[in-house]
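Notes for the structure review
The chain contents come next:
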Amino acid sequence: MIRPVLKIENLHKSFGATPVVRDVSFDVNPSEVIVIIGSSGTGKSTLLQCLNLLHRPTSGRIFLEDQEITASGMNEDTVRRQMGMVFQEFNLFNHLTVLGNVTIGMTKVLGMPAKDAEKKAMTELSRVGMADHRHKYPSQLSGGQKQRVGIARALGMDPKVMLFDEPTSALDPELTGEVLAVMQKLAAEGMTMIIVSHEMGFAREAADRVIFMENGRIEEQGPPDRLFTRPESERTQKFLSIITTGKAEPPSGNLEPDTP
Ligand SMILES: Nc1ncnc2c1ncn2[C@@H]1O[C@H](COP(=O)(O)OP(=O)(O)OP(=O)(O)O)[C@@H](O)[C@H]1O
């Protein structure tokens, strides 16, 4: 039997009285690439941020390999160290070079000697095609290059899973491709990844499984070939038709009352 990297059981997250993630359960298998899609405001980012405890779930359980990370007393930093997170905004340190941005987590958080950290950082920068830019500062890089450094920084921590929260949303269209290409390469190398994205072409090509979220719940999930061509749920059909025809704005937010 395959042991999942992540196991999510009956996850709920509310902000005050507003439910945003409702009873979400799924497993993530080793080397699996999951792309989460859905209209704006349906809880995709909140779900992702619950997975590495940036948001504390209101209820439900999350297991990272065999460890329940939602157990009381669990150290959040220990959990986050094992999951690489790539944000829409790149969150690089502007006063550090590319190399400095990638090594800082390894030296400060993992306690790695500087020489070892530099060697590892160069390996990860090569992986994302940024080794030649190692001495530059973030202000000297394009958005796509900054995001690739962000990915190298996350990889430097040898994460068990990589979480991407709309990694290309802040990029001009011509820079999106280079970041998606790096993510596709990581997928081909066997990295376990969960990606929140509006890039349907990428979801179709790179995902092993697509999860469509609606109103905080998993409405439908399946392999991209099936989900994009023969969606089972009417809501998925509607969402995909809006996305492809661009005829109307998808409905947003929690339109339904919460049902227990
Ligand atoms: N920290 C917070 N406090 C209160 N409400 C929040 C908070 N974060 C998110 N929300 C609300 O939760 C809902 C879901 O937001 P979320 O960002 O998870 O949606 P999303 O599906 O990722 O949307 P998008 O695709 O636009 O990023 C929204 O109504 C949002 O306003």
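The name given to the protein in an unreviewed UniProt entry is Arginine/polar amino acids ABC transport ATP-binding protein, with Desulfotignum phosphitoxidans DSM 13687 as the source organism. Quoted straight from UniProt, the Subcellular location (unreviewed entry) entry for the protein says "Cell membrane". Turning to the protein, the UniProt record has this under Sequence similarities (unreviewed entry): "Belongs to the ABC transporter superfamily."

Concerning the site of the ligand
Taken together, Phe15, Val20, Ser39, Ser40, Gly41, Thr42, Gly43, Lys44, Ser45, Thr46, Glu166 and His198 make up the full set of residues near the ligand. Thr42 places a polar main-chain atom, nitrogen or oxygen, 3.0 Å from an oxygen atom of the ligand. Contact distances for the ligand include 2.8 Å between an oxygen atom and a backbone N or O atom of Ser45. Contact with the protein chains removes 59% of the 640 Å² of surface that the ligand exposes when unbound. For the shell around the ligand, the residue count by class is two nonpolar, eight polar and two charged.

Overview of helix α9 (residues 234–245)
Counted at 1.5 Å a residue, the expected span for α9 with its 12 residues is 16 Å, and the 16 Å between its end C-alpha atoms agrees. Those residues of α9 lying buried are Thr236, Phe239, Leu240 and Ile242. All buried residues of α9 project into a common sector of 160 degrees when viewed along the axis, lining one side. Facing away from the buried side of α9 by over 90 degrees, the exposed positions are Glu234, Lys238 and Thr244.

Observations concerning the confidence of the model for the protein
Confidence in the prediction for the protein averages 91 pLDDT; 94% of positions are at 70 or higher. Segment residues 250–260 is flagged for pLDDT under 50; beyond a separation of four residues in sequence, or across chains, it makes 24 contacts in the model. Here the predicted complex scores 0.91 on pTM and 0.95 on ipTM.

A look at the nonpolar core
Counting 47 residues, the largest nonpolar core has Ile37, Ile151, Met162, Phe164 and Met193 as the members making the most contacts within it. In terms of residue count, helix α6 (residues 173–188) provides more of this core than any other element does, seven residues in total. Contacts of Met193, omitting those with residues within four sequence positions, involve Glu32, Val33, Ile34, Val161, Met162, Phe164, Met183, Leu186 and Ala187.

A word on the packing of helix α3 (residues 98–109) against helix α5 (residues 143–155)
Think of two packed helices as two axes; the pair is described by the angle between the axes and how far apart they sit. Their axes nearest at 8 Å, the elements α3 and α5 cross at an angle of 25 degrees. As summarised for this structure, α3 and α5 are arranged roughly parallel, according to the angle between their axes. The two elements α3 and α5 cross, and the hand of that crossing is right-handed. Contacts between α3 and α5 involve Val98, Asn101 and Val102 on the former and, on the latter, Val149, Ala152 and Arg153. Partitioning the contact of α3 with α5 into residue classes produces four nonpolar, one polar and one charged.

Topic: the sheet that holds strand β3 (residues 33–38)
Taking strand neighbours across the sheet as the criterion, the six strands line up as β6-β7-β8-β3-β9-β10 in an open arrangement whose pairing is mixed. Two strands lie at the open edges of the sheet, namely β6 (83–86) and β10 (217–222), each paired on one side alone. Each strand of the sheet is rotated relative to its neighbour by a mean of 20 degrees, with strand direction disregarded. Pairing of β6 with strand β7 (residues 161–165) involves four bridges; the strand directions are parallel. Residue Met83 lies in a different strand from β7, and its bridge partner there is Val161. Lying over the sheet, helix α1 (residues 44–51) contacts β3, β6, β7, β8 (193–196) and β9 (209–214), oriented at roughly 150 degrees with respect to β7.

Conventions used here
Residues numbered from 1 in each chain as written. Predicted model: local features only at pLDDT ≥ 70, side-chain atom pairs only at ≥ 80, totals over all residues. Heavy atoms only, no water. UniProt positions renumbered as here; feature names shortened; annotations may be inferred. Near = heavy atom within 4 Å. Polar contact = N/O pair within 3.5 Å; in protein donor to acceptor, adjacent residues only side chain to side chain. Areas by Shrake-Rupley, 256 points an atom, 1.4 Å probe, with all protein chains shown as cover. Nonpolar A, V, L, I, M, F, W, Y, C, P; charged D, E, K, R; others polar. Helix = DSSP H or I, 4+ residues; strand = E, 2+ residues; numbered from the N terminus. Expected span 1.5 Å × (residues − 1). Buried < 20%, exposed > 50% of the residue type's maximum accessible area, 1.4 Å probe, protein only. Arc of directions from axis to C-beta. pLDDT = per-residue confidence, 0-100. Contact = heavy atoms within 4.5 Å. Core = buried A, V, L, I, M, F, W, Y, C linked by side-chain atoms within 4.5 Å. Axes fitted to C-alpha atoms, helices over the stretch in contact; angles between N-to-C directions. Parallel < 35°, antiparallel > 145°, perpendicular 65-115°, else oblique. Left-handed = near helix turned anticlockwise from the far one by under 90°. Pairing = 2+ DSSP bridges.

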